[in-house]
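# What the coordinates show
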Amino acid sequence: AFRALKRARFVSDRISSTIQNESANIVAAVQHEATNERGASQKIIVRLEEELNSQMKEMEIRDSRERNWQEELRKMKNELASMEEALEAANINLEATTEERDMYMNENESMKNKVD
């Protein structure tokens, strides 16, 4: 009986040792896999952050270009308005000069008719 008990204890200790070794191996494998997954996830996060930064820079460049175009458009509109005002003033001046010329031409014609 003592021998059977001793034998049972030996088998029980071997089973416990085997279970502990297998558990340790499983835990190590899971930890290794988790480390690999964290590394892969970190690489993905870094790549996505780089891509985001690149997209942000492109957006800033486009926004800057848009602001420059808007400023150029504003300047051109102001220049056009100034030119339109100058044209209007020139047209008024032309009209006044034409009226004055017509008046002198009429006076000249009138004097010419009196001389004849």
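Coordinates for the structure precede this section.
To start, this report covers the structure provided alongside it. (Residues numbered from 1 in each chain as written. Predicted model: local features only at pLDDT ≥ 70, side-chain atom pairs only at ≥ 80, totals over all residues. Heavy atoms only, no water.)

## As for the overall build of the protein
The condition that has to hold: By the criteria applied, helices consist of DSSP H or I runs no shorter than four residues and strands consist of E runs no shorter than two, each listed in order from the N terminus. Type-normalised accessible area, obtained with a 1.4 Å probe on protein chains alone, sets the label of each residue: buried when under 20%, exposed when over 50%, and partly exposed for intermediate values. In short, Shrake-Rupley with a 1.4 Å probe defines the accessible areas, and a residue's cover is counted only from the protein chains shown. His is not counted here, nor are the chain ends, while Lys and Arg score as positive and Asp and Glu score as negative. Throughout, a charge is located at the NZ atom of Lys, the CZ atom of Arg, the CG atom of Asp or the CD atom of Glu.
Of regular secondary structure, the protein possesses one helix and zero strands. Viewed in the frame of its principal axes, the protein has a C-alpha envelope of about 165 × 15 × 15 Å. Residue burial in the protein is summarised as follows: out of 116 residues, 0% are buried. Of the roughly 11,200 Å² that the protein leaves accessible, carbon and sulfur atoms contribute 56%. Of the charged side chains in the protein, 18 are positive and 24 negative; the average position of the first set lies 27 Å away from that of the second.

## Some remarks on a nonpolar patch on the surface
Here is the rule: Here the term patch refers to residues with relative accessible area over 30% and no salt bridge, with like charges joined within 9 Å and nonpolar side chains (Val, Leu, Ile, Met, Phe, Trp, Tyr) within 5 Å. Any carboxyl oxygen of Asp or Glu within 4 Å of a side-chain nitrogen of Lys or Arg constitutes a salt bridge here.
Residues F10, V11, I15 and I19 make up a contiguous nonpolar surface patch of roughly 350 Å² in combined accessible area. By relative accessible area, which is 33% here, V11 ends up partly exposed.

## Some thoughts on the environment of S54
Mapped onto the secondary structure, S54 falls in helix α1 (residues 2–115). Placed 12 residues apart in sequence, S54 and Q42 show a C-alpha to C-alpha distance of 18 Å.

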